[in-house]
Every structure is written in structure tokens, then in C-alpha cells.
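# Analysis of the macromolecular model
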Amino acid sequence: MLKRLCSLFVVVQFAVPHLLAAAELMLVENGKPQAEIVIAEKPARVTKLAAKELQSYVAKMSGATLPVVTERSAGKKAIFVGVSRHTDALGLRTDALKHGAFRMASGEGWLALLGADKDFVPTEPWGRKRDKNEATRVNAEWDKITGDTFWNTASELYQRYHAELDVWEMDDAGTFNAVNEFLRGLGCRWFAPGEIGEVVPKVTTIPLPQVNRTVTPDFGFRRFSYYTQHTGIGDRALWDLRLGLNFGAEIAGFPQICHGLKFVIMREEMKQAHPEMYLLQEGKRSTRSEGVPNLLSPLLFEKQVKHVRAMFDHFHEPMHNIDLVDGYSGQTSDNPEWMAQLTPERGWSGTMSDHVWGYLNRVALEVNRSHPDRLVSALAYGAYTQPPLKIDKLSPNLALIDVRHRQEFWDEAKWNERRKWRAEWLKKLPSGKYISWDFCTNARPEQVGRPVFYTQQISRDLRELKGISLGELVEIYAHPTEKEGSFGYNDLAMEHLNLYVTARLYWDVNQDVNAILADYFTSYYGGAAEAMRAFITHAEANWMHMNTDAVKIGESFDLLAKAKAAVDPASLEGRRIQQIAATMKPLEALRVQLSRKRETDLAYRVLETVNTGAKPLGSKPLDGNVDKAWWGDVRIAPLIKLRKEDPQPKCNSSFQIQRDGGTLHVGIVCLEPDMKGLQSSTTKNDDARLLEGDHVTLLIETSSRSYYEISINPAGAVYDLDRAPGGRGVAWGSGAQVAVHRGTDRWSVEMRLPIVGEEAFVLDPTKGIDGARPTEIFPWHFNLGRSRVREGKVERTCFSPTDKEELHVPEKFAKLWGR
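Residues numbered from 1 in each chain as written. Predicted model: local features only at pLDDT ≥ 70, side-chain atom pairs only at ≥ 80, totals over all residues. Heavy atoms only, no water.

## Here we look at the confidence of the model for the chain
When pLDDT is averaged along the chain, the result is 92, and 95% of the positions lie at 70 or above. Predicted confidence is poor over residues 1-24, with pLDDT under 50, and the contacts of this stretch with residues over four places away or in other chains come to 55 contacts. Across residues 759-763, where pLDDT falls below 50, the model places 11 contacts with residues more than four positions away in sequence or in other chains. (pLDDT = per-residue confidence, 0-100. Contact = heavy atoms within 4.5 Å.)

Here it is in C-alpha cells:
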């Protein structure tokens, strides 16, 4: 069996005399159709789409439209697309083809492109749309079947149907794969979604090739999962098909392959009826959101086993996921017995391994008693990534889904650590069923910027996984489709290359990745091919240093500038390079930040309000009272002396910063034994006299602007200004909501500071803080200080000492970051 996925045939190869000797060997000649596309009278969904695909791209290439028919015309050459009575008559079988595999065969006057093309048929009850009433209906039907109150995983099945294509992701796409392999042989490429991502050569003649191939993938399970699957993925759905992906329902089932336990516990009816199934935390059962399961609950075990058996009996799935809810790692409990199961001495990735896998293995063993022909899967993830020590052999029906970050494998230590853990897992895994899970999320707004390419790691890793892994799921960040144009950059402008290489190698890991890249540079960037080769080669070697090294960022920008200069900016090649430039824009400000001399490594991590254990700050009345019930007692930072030689402050002060969506919450507490002596030198906003009395000051340098000042006095007056070059000074307004509370022995400030986003200064230089929210890769820098005035003397304290008599020392600003 000939099995390779590099170009089947290229246009120049058709010039061989014995292939082109007679006109009857042409499918298109001089821009005129010489053949027709023949399909079955009742073709599968994907077959119809494949015929349309072939017709469309032959027309784009040559201007010739091949008719699509169900009966072959006399004297016409035929391209048989999909299984039909015609292919049956030729003895072309597809019975043994699995996971999108395909046949390509030719004979006198005909070419056949076909796969198994099995249509997916959903089992009732399933959800037709994203609608609360629809979910209620589907769950009610599921309750009748199970006699319980589980969430029906099929309530979200609508996500997997693409009406504009009339296909389900679970449809077998063998014929579509065959058509696209034929088109690739003619020079067509789909490097990224949409027209900007495709390459279509112009030809006048398309020969009928001599071919007899059966092509099977190295990995049967080939799934890309986009963040925005629930709202639609647009052009990405067709791109996935052109990449030759396979949802893999025949391997892993149709439901999501992660966090399956949530479907057991997430219904409110279940929470109210069985609170003992939820973890005890801070004196309460943790039923918020999906709920945190109590793995020590016998009832939870019974319910999950019942749920899995119902899924197998009703939906007849080959595999079902039993993994824990997302976010289980890092949980704690009031229950000493639960805490005793943890093994923190193994490090973060092994802290919960025995605890979690002990439970999951018990579920698997019990299910195996009734359904020995089915598999259950679970993730090696978070605090239970390492294999358990207390289990020698796992249940024979257990499949492992190993969650990794392939882009980190440039670090040989991490690469070898994950290989070691995989080997240990496989020794414990009698089923031998292993699936890898990877991430492609560098385009998320909080981390976008660095040109992250890791094609060599993809090739090395997939070669090693061949014969071990059933396949892979890649989790991909994608903009919400309804907001896609509002982000200012294309989410796949750079990530498409990693995904394209991954998808091509899924079919044949032995392909030369450098040959794939050479084709990419030439086909996608034309006259800028060599410049883009230099840019991406540099990026692959240096992206991991670009959050700390301004020189590497500068080198990357210089290489990209050479590529931009090599082509017309209005051309397709120029637009593709400009998409990369727009995606890298956050690095411009980061380079400036990194170039600034920093004289402190002090940092403050901003927690999201939902992770503080307190009430949500967004719903708190803004009254200036930094109340523990709302603010919690986490990340309280003191203010200390401005200079080493200053005396110890007479009054202590502290602050907290939290984030809720696009809002920073700043809480400042100033202890004060002499409340009557407070000096508020003004009650007016934007009055510089405010700085003459008691006040607190927040200085902020965002990832794109340096820097802003916001000062507040005990009377609630605000003095804010933009101190950056070209800024509007006091004419600028932060948009902050501020309240001051005066108690018996303290005064305190609550401030809600809106993060307007990048380009805020361009849109309106007088309003809002310019910059994306602070993250680990793209932090802000700040200082916060208090000035206390008594008897003509000023006592100054701050978070980051400046060793000067003033707070305004940007080199001493501390790092402000979050997730």
C-alpha cells in the first residue's frame, strides 16, 4: 500500500510525454471542461460537499466549470466523487476505510476519489439550538430515560452541525479528503481559513492522472476544538475539513472528551436533592457553578456509574469521559479525610494523582463489570497529571487523555519529563488507549503578541507518538464570531502555521517538516518568501524569550519589516504579513517597557474577584469601605517607607487590587489615630491643591502607555492626569469610580478603574486607561503611595520604595500582573 501525504502530483509532472500524449487524457484543456463530476443519486452529505469543492476549485484554477451529474455522459471523461453504482461496477471498495481514509484510482477516461462517507445520525433527545427552553426540554426527556436528573450531554449537539455546509463534524469525510488531496496535487493550499488563507494556482489544462492509492492517516482521532464552538466557528469549519481532520466520534464518542463528571452534578435539582455529593468548603457544600464534587461520597460514585451506563445503553457510544470538573485542581476542603488523600510532596502535578485516580479507577472498574466492550476516558491534567503511585494497573477499560503544552517542548527538561511520565502511564494502562491533548491559545487577548512558532517540536513529538496515540485534540483560542472584528487582529494570523503543520503530519509523520515549510514560504508569501523564512526561523528559536528580552523583540520586528518591504502591501502576500504585524503590536510597548531600566523585582499578582472566596465585588455598593466580606483577606499588601533612612511610619496603610472582567478594583486602607486632624486641601476634582493635604496616589504604567497618575483625598476629590509623552495632562480623565469611607480610626478608598483597552488613547486621548489588562506576559507596572500631612510635615509611604523623596520614579515601579 502506497502511503504518503506529500503532493500526489504537481503540475509539472503532468508534462511527462506518456501521460499527455492524447487529448482524451485531459480533464480540462485550454480552459474548457473535458470531464464531468459523477456522484450517486442519493449521496452522503460530505459527498455532495466534496463534489461542490472540486467543481469550485477547478473553476477557480482554470475557468472551466465541470458539471455535476448522477449519470455519466457518453464520450465524457468522468471524475467519480464518492461511492456510487459506478464505483461499485469498477470494484472500488471503501468498506475497510476508517477515520477519513480514502481511495484514489484511475483508469481509461476516469478518475475516482472516494471514502466511506458515513452520515452521522443523532440519537434523540438532542438539542437543536442554544436556548434555555431547548435545554430544559432535552433534559426532561433524558430524565424519563435515566430516572434521574443528569444533564444531557446531547443538549449541545447543535454545535457540531454546520448548516452553511450541511454537514455534521461527526460525518466521515473520506471523499472530501480525496478531493482535497487531488487539488493539493494541482497546487491548491489552505494554510488558513477564508480566502486570504488559500493559494489557488492559475492553469489552463488539468490532466487526468494515473493513480492507484489508498491513503490512511497515522492518527485516527484528529480534532481541533475552538473556544467559540458554541456560537459557531465560521470559515474554520470548512478549513478543518480541508486540513483532513476527523472528529473521531467512532473512537471517542460524540460528547466532549473532558470534565464528564459535570454532567452528573451540574443540575440544580441534583444539588438541592443531594448536597452530600459536593465538597465541603468553608463550612458549606460547594454547589456554585457546575459544583465541586466530593470524591469521598458513596452516592456520587453510584450516580456517576449510573450516568455512564445510561450513556452507553442509550447513545451506544464507544467511549465516555468520566473526568472531574474543570478547576478541580487546587481545591481544598474542611474534611481532614479528604485533605489526607493529597500528596503535595510530589509537586503540583502530582498533588492529587492518587486521590483523583483512585476514584476514577473505581468508577471504571464498576462500569467494566456491565460494559466490558466500552471504554471510559479521563484526563491526566493539572494536579493529577502524574500517574498515581498506589495503583499498579488501571482498569482494563480506562483510556488516558494526556494534557500537555507542546510549545513548551523546546525546553528539553520539560520534553523529557513528559516522556517519562507517559512511559510510566503506559505501564499502568492495560487498554493501551492513549490520546494527547494540546493547546494553541497564544492569540488570547491577554497574551497575544509573541510570534510563537514550534513546527520542529510538532514534528518531533508526533513522530514519537505514532503507534502510541489514537490521536489528538488541539484546543484553540478563537474570537467570538459575533465580535470577531472588534479585536484588532486575526486570531489565526500566526497560529495557522502550527495548526497547518500539525494537521498535515497527522496523516504522515514521516514527512519532512522543512519541505512543508519551504512550500509554505514560497506559496503563501511569494516575493517575501525568504524574508518570512528568516522571520519565522528566528521566531521559532526566540519566541520563548520575548517576554523578557527587548533585543529579541527588536530583531523580530526588523525581520518582519524586511518581509513587509518585499511585497506590495495591498497584495495577498502583503495583507498576510500585515495580519502578523497587527497581532504582534502588543510587543511594541513591551519592548519599550523591557528597555526601561528596572531597579526592583517587586511584583503584585492581581486575583480575579471570583477567586478570592469573598462576595463578588462588582455587586458591592461603592461606599469606600474595604470590607472583608467583599474584599476577602487575600493579597493585602502593606505600604512601607519611601526611603531606607526615613523613620518608621506612625500610621500603617495597606491595599488590595482585584479584577472583575474589564474593571480593576483598588481598595486602600489608611489607619489614622487622628481622624479629626485629616487635612483635605480641596473638595474639587482636578485641583492640584489636593496634593498639599492627606491623599493616596496610584501611578500606573500600562503595557502601552507610561504613565498615569490618580490621587484621592479623604474628601473624595480626585486629581488624575496623563503624564505620558503627548498626553493631555490634567485634561485626561481616568473614568474611575471612587468612594471614600471615614471610620473612627481609619479612612479608606474604593476605586473601580475601567480598563478601556489598547487604542484608547487613539480613539479618545482624554478618557480612559490605554492598555490591555495586565497579564504575566504583558504586565503593567505601578506604585501606590500615601502622603500624611501633620504640623507642616509630610510622612510618605509606598508599596515599592523609591529611595527618593518622591513617588514618581518609574524605574522603581513594581510589576502588576494577573491571568
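Next comes the rest of the write-up.
## Digging into the pairing of strand β35 (residues 814-818)
Across the 5 residues that make up β35, a large majority, 4, are buried. Relative to β35, strand β22 (residues 603-608) is paired through 4 bridges, and the arrangement is parallel. When the bridges of β35 are listed, Tyr-604 appears paired with Leu-816. Relative to β35, strand β33 (residues 780-790) runs antiparallel, the two sharing 3 bridges. Along β35, the bridge assignment pairs His-781 with Lys-815. (Buried < 20%, exposed > 50% of the residue type's maximum accessible area, 1.4 Å probe, protein only. Helix = DSSP H or I, 4+ residues; strand = E, 2+ residues; numbered from the N terminus. Pairing = 2+ DSSP bridges.)

## A closer look at the pattern of salt bridges
Pairing is possible between side chains that carry opposite charge, provided their charged atoms lie close to one another. Taken as a whole, this structure holds 58 salt bridges when the rule is applied. A salt bridge links Arg-213 to Glu-181; the shortest N-O distance between them is 3.3 Å. Of this pair, Arg-213 sits in strand β13 (residues 212-215) while Glu-181 sits in helix α5 (residues 174-185); the two residues are 32 residues apart in sequence, bridging distant segments of the chain. Look at Arg-213 and you get buried, because its relative accessible area is 2%. On the basis of relative accessible area, Glu-181 is assigned to the buried category, the value being 1%. Residue Glu-366 is joined to Arg-309 by a salt bridge in which the shortest nitrogen-to-oxygen separation is 3.3 Å. In this pair, Glu-366 sits in helix α12 (residues 353-370) while Arg-309 sits in helix α10 (residues 298-315), placing the two residues 57 residues apart along the sequence. Residue classification places Arg-309 among the partly exposed residues on the basis of a relative accessible area of 22%. (Salt bridge = Lys/Arg side-chain N within 4 Å of Asp/Glu carboxyl O.)

## Some details on helix α16 (residues 513-525)
Here α16 is 13 residues long and its end C-alpha atoms lie 18 Å apart, about the 18 Å a rise of 1.5 Å per residue gives. Among the residues making up α16, those that are buried are Val-513, Ile-516, Leu-517, Tyr-520, Phe-521, Tyr-524 and Tyr-525. The buried residues of α16 occupy an angular sector of 135° when projected down its axis, which confines them to one face. In this structure, the buried side of α16 is in contact with β11 (198-199), α14 (455-465), α15 (495-507), α17 (529-542) and α19 (572-583). The N-terminus of α16 is capped by Asp-512, whose side-chain oxygen sits 2.9 Å from the backbone nitrogen of Asn-514. Just downstream of α16, Gly-526 is the residue with a positive phi angle, here 50°. (Expected span 1.5 Å × (residues − 1). Arc of directions from axis to C-beta. Polar contact = N/O pair within 3.5 Å; in protein donor to acceptor, adjacent residues only side chain to side chain.)

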